[in-house]
Amino acid sequence: MSIIHNKDIGTKQKALAINLDPKIYGSFAEIGAGQDVAANFFKAGASSGTIAKTMSAYDMTVSDAIYGALKVKRYVSESRLMAMLNHEYNLLIERLAEQRGDNTTFFAFSDTVSTLNYHKTNEAHGWMGVRFQLEPNGPFNDVILHVKLLDTDNNLQQQAVGVLGVNLLYACFYYNEVAPAFLLSLMDELSRDRIQIDMIQFEGPNFEKVDNRLMSLHLVKYGFSDAALFGPDGENEQPSEALYKKHVVVIRGRFRPIINVHLDMLNTGVKQFMQEPDVDKKNVVVVTELTLQSLVERDADPNTEIDEKDFLDRVDILCSLGQTVLISNFHEYYKLVSYLSKITSLKLGVVLGYPNLEYIFGEEHYKDLPGGILESFATLFSRKVKLFIYPTLRNGVIMNCLRFYPPPHLIDLYRYLIANNKIEDIRNYNENNLHVQTDIVLQLIKQGADGWEQFVPPEVAKMIKERCLFGYPCAVDPATGEPAKTDELLRSNP
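Bear in mind the structure is a predicted one, so any value in this text is a computation, not a measurement.

Observations concerning the pattern of salt bridges
Thought 1: Counted according to the given criterion, the structure contains 23 salt bridges.
Thought 2: One salt bridge connects R131 with D142, and the closest N-O pair in it is separated by 2.8 Å. Within this pair, whereas R131 is found in strand 4 (residues 125–133), its partner D142 is found in strand 5 (residues 140–149), the two being separated by eleven residues in sequence.
Thought 3: According to the relative accessible area criterion, R131 is buried, its value standing at 5%.
Thought 4: For D142, a relative accessible area of 9% gives the class buried.
Thought 5: Where E276 meets K347, a salt bridge forms, and the shortest distance between an N and an O atom there is 2.7 Å.

Next comes the structure, spelled out in structure tokens:
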């Protein structure tokens, strides 16, 4: 099987290649945007070699009768997609396995899509997935994704769905050995101006070595999406579903590693957010955010590649602490708030350190905006957003909102934001944490110095030692095969 992404293979060529492969056979079930994926296979020719059935259970009552009623009536959803894949694949195996199972790799392709309505008032998006075998009579694998449709014309959106569906099915059979090639091929004959893929999940025996958290990173890294989300269990989540109608509290950081001051920021900031009168305490999601910029060393060359192991190390620690993790390409805070505000209309909280307050008021960061800092503030300080500022210790002085002095011409603007409850100091913080800096803790870890453990949560210290994270001086003990500190090995092997 090919493992190198070939950009020159067009949609019709991909569909024809599948149609001419005698082993590949399956069904298409598409809801909501016509049957543009199946149509590409019909138009390519020789479709009888591939298509067992196509259908569209467009009516909701008919859809429920075939795939089962939904508890939450959202037909463009992951749960509806999985019901479709389960039903269609099981039907294939039941009806055709005995007849041709020894020579066929079966697949079931499904999508449920909402394109623009007549008045263009809805969110155009969809779920798409394939359940497929790679060996006759073999186990099945699943690849599912969520797509946002950005064309402003309904017909163009349907055409984009058709192209993406062909790319997905082709990748499942011809690019399944190398995940990056798989991902890159999904955008063949498409562009980011037309679609965004903000969630993808690989499951099955042929994808045991695929880390779905890494796939989330690649979605953002390749520019397929501005952000990707996964939960404490490491499973990818679709942001619009996970954060829909939720209060969101977000804290941004490098978390290399997460130290006690980060947890204090998070805990005290969330506690104050919960005390806001317009916040439902039972409906709050806390998110730790890693930006692409935070995944490379400080002052590194802009073209420096992201260290994927280092990224996964940080994520493992955050997930072990029960955190939901967002990976984004939002360097500016107002872009992050704009993104979250499109998902939920409920109040948002942003927890940040004092240096970031200074950064936000730096006008040089908004030169690309026609309205400059005022344009960014119109988004950042929308009516349902509040910043919670964690203090910083400088030269023995605790710097907080009361000691912040923006440029003279922005003082009145700053006072307005304070008076209107848009910015607030975090109270009841642990003052003992203020003298601790992440970079210094990282250096102590790399040196294997005594006492660094006191600056990080106990479970984090344990993981760093056991797995030799962040340059902690470990080596593999040849007697046990387990990590061991370098100096211990030297003493035992003089």
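The structure having been displayed, the exposition proceeds.
Let's talk about the pairing of strand 13 (residues 385–390)
Thought 1: The element strand 13 is largely enclosed, with a buried count of six among its six residues.
Thought 2: Here strand 13 shows a buried face lined by V385, L387 and I389 and a second buried face lined by K386, F388 and Y390.
Thought 3: Strand direction decides the pairing type here: strand 12 (residues 348–353) and strand 13, joined by six bridges, are parallel. Bridge pairing in strand 13 places G349 opposite K386.
Thought 4: Sheet topology note: the strand 13/strand 16 (residues 423–425) ladder contains three bridges and is parallel. Bridge pairing in strand 16 places F388 opposite E424.

Brief notes about unusual backbone geometry
Thought 1: With an omega of -5°, the peptide bond between R256 and P257 qualifies as cis.
Thought 2: Along the polypeptide, P257 turns up in the loop between strand 9 (247–252) and helix 9 (260–274).
Thought 3: The residue C468 is not glycine, and still its phi comes out positive at about 55°.
Thought 4: On the secondary structure map, C468 appears in the loop between helix 16 (458–467) and strand 17 (474–476).

Looking at the nonpolar core
Thought 1: If you look at the biggest cluster of nonpolar residues, it comprises 105 residues, and the most contacted ones within it are L168, F182, I200 and F311.
Thought 2: Sort the elements by how many residues they give to this core and helix 5 (residues 154–174) lands first, with twelve residues.
Thought 3: Ignoring sequence-local partners within four residues, the contact set of I200 consists of V143, I144, L145, F182, L183, L186, N212, M215, L219 and N236.
Thought 4: Among the nonpolar cores identified, the runner-up in size contains 39 residues, and V285, Y354, C401 and Y414 belong to it.

What about helix 16?
Thought 1: All of the buried residues along helix 16 are V460, A461, M463 and I464. Projection of helix 16 onto a plane perpendicular to its axis shows the buried side chains occupying an angular sector of 165°, all on one side. Exposed residues lying more than 90 degrees from the buried face of helix 16 are P458 and K462.
Thought 2: If you follow the buried residues of helix 16, they end up packed against helix 10 (308–320) and helix 15 (438–447).
Thought 3: Among the residues trailing helix 16, C468 stands out with phi positive, at a value near 55°.

Notes on the confidence of the model for the chain
Thought 1: Chain-level pLDDT for the chain is 92 on average; 94% of the residues reach the 70-or-more range.
Thought 2: Here helix 17 (residues 486–492) stands out as the least confident element of the chain, with mean pLDDT 41; strand 16 is the most confident, with 98.
Thought 3: A low-confidence stretch, residues 486–494 (pLDDT under 50), is modelled with eight contacts involving residues beyond four sequence positions or located in other chains.

Section: the packing of helix 10 against helix 16
Thought 1: At their nearest, the axes of helix 10 and helix 16 sit 10 Å apart, and the two run at 145° to each other. Every pair of crossing elements has a handedness; the one defined by helix 10 and helix 16 is right-handed. Every residue of helix 16 that contacts helix 10 at D313, D316, I317 and S320 is listed here: V460, M463, I464 and R467.
Thought 2: Across the contact of helix 10 with helix 16, the residue classes break down as four nonpolar, one polar and three charged.

What counts, and at which threshold
Residues numbered from 1 in each chain as written. Predicted model: local features only at pLDDT ≥ 70, side-chain atom pairs only at ≥ 80, totals over all residues. Heavy atoms only, no water. Salt bridge = Lys/Arg side-chain N within 4 Å of Asp/Glu carboxyl O. Helix = DSSP H or I, 4+ residues; strand = E, 2+ residues; numbered from the N terminus. Buried < 20%, exposed > 50% of the residue type's maximum accessible area, 1.4 Å probe, protein only. Pairing = 2+ DSSP bridges. Core = buried A, V, L, I, M, F, W, Y, C linked by side-chain atoms within 4.5 Å. Contact = heavy atoms within 4.5 Å. Arc of directions from axis to C-beta. pLDDT = per-residue confidence, 0-100. Axes fitted to C-alpha atoms, helices over the stretch in contact; angles between N-to-C directions. Left-handed = near helix turned anticlockwise from the far one by under 90°. Nonpolar A, V, L, I, M, F, W, Y, C, P; charged D, E, K, R; others polar.

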